[in-house]
Amino acid sequence: MLLWAFYGGLLIWRFGATPGKMILKLRVVDFTMGEKIGADKAFLRAFFSLVSLFMLLGYAWAIWEKDKRTWHDIIAGTKSVRV
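Note that the structure is a prediction, hence the values are computed from the model and not measured.

Caption draft 1: Up close: the overall build of the chain. Within the chain, the regular secondary structure consists of five helices and two strands. Element order for the chain, N to C, with α for helix and β for strand: α-α-β-α-α-α-β. Computed over the C-alpha atoms, the radius of gyration of the chain is 12 Å, within 12% of the 12 Å expected from 2.2 N^0.38 for a compact globule of 83 residues. Principal axes of the C-alpha set define a box for the chain whose edges measure 30 × 30 × 25 Å. By sequence separation, contacts in the chain at least 24 residues apart represent 57% of the contacts at least 6 residues apart. Seen as two clouds, the 12 positive and the 6 negative side-chain charges of the chain have centres 7 Å apart.

Dropping the structure here:
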């Protein structure tokens, strides 16, 4: 699981997206500034995406959240945007 978090964090940090997000034309950016995120936020987001997977509750949260952000987006201060 840590390997998965490292993989996701590295891709988000370097490219702003994982391959799936690239296909869907999505990018992960800073929530307040809308700019590319640093390594700290990328790896924090990737690690907590594993927590969001627990019974899919972190992803389901986006259905009710005003800005449609998952738990790992809220914790890391990020959001996914269409490019």
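Caption draft 2: Structural view of the pairing of strand E1 (residues 26–30). Counting buried positions along E1 gives four out of five residues, so the element sits mostly inside the fold. Two elements, E1 and strand E2 (residues 78–82), share five bridges in a ladder whose sense is antiparallel. Note on E2: the bridge partner recorded for aspartate 30 is threonine 78.

Caption draft 3: The pattern of salt bridges, seen in detail. If you walk through the whole model with that rule in mind, you get two salt bridges. Aspartate 30 is the salt-bridge partner of lysine 41, the closest N and O atoms lying 2.3 Å from each other. Residue lysine 41 is found in helix H3 (residues 39–52), and its partner aspartate 30 is found in strand E1; the two are separated by eleven residues along the sequence. Judged by its relative accessible area of 9%, aspartate 30 falls in the buried class.

Scoring rules and cut-offs
Residues numbered from 1 in each chain as written. Predicted model: local features only at pLDDT ≥ 70, side-chain atom pairs only at ≥ 80, totals over all residues. Heavy atoms only, no water. Helix = DSSP H or I, 4+ residues; strand = E, 2+ residues; numbered from the N terminus. Rg over C-alpha atoms; globule rule 2.2 N^0.38 Å. Contact = heavy atoms within 4.5 Å. Lys, Arg positive; Asp, Glu negative; His and termini not counted. Charge placed at Lys NZ, Arg CZ, Asp CG, Glu CD. Buried < 20%, exposed > 50% of the residue type's maximum accessible area, 1.4 Å probe, protein only. Pairing = 2+ DSSP bridges. Salt bridge = Lys/Arg side-chain N within 4 Å of Asp/Glu carboxyl O.

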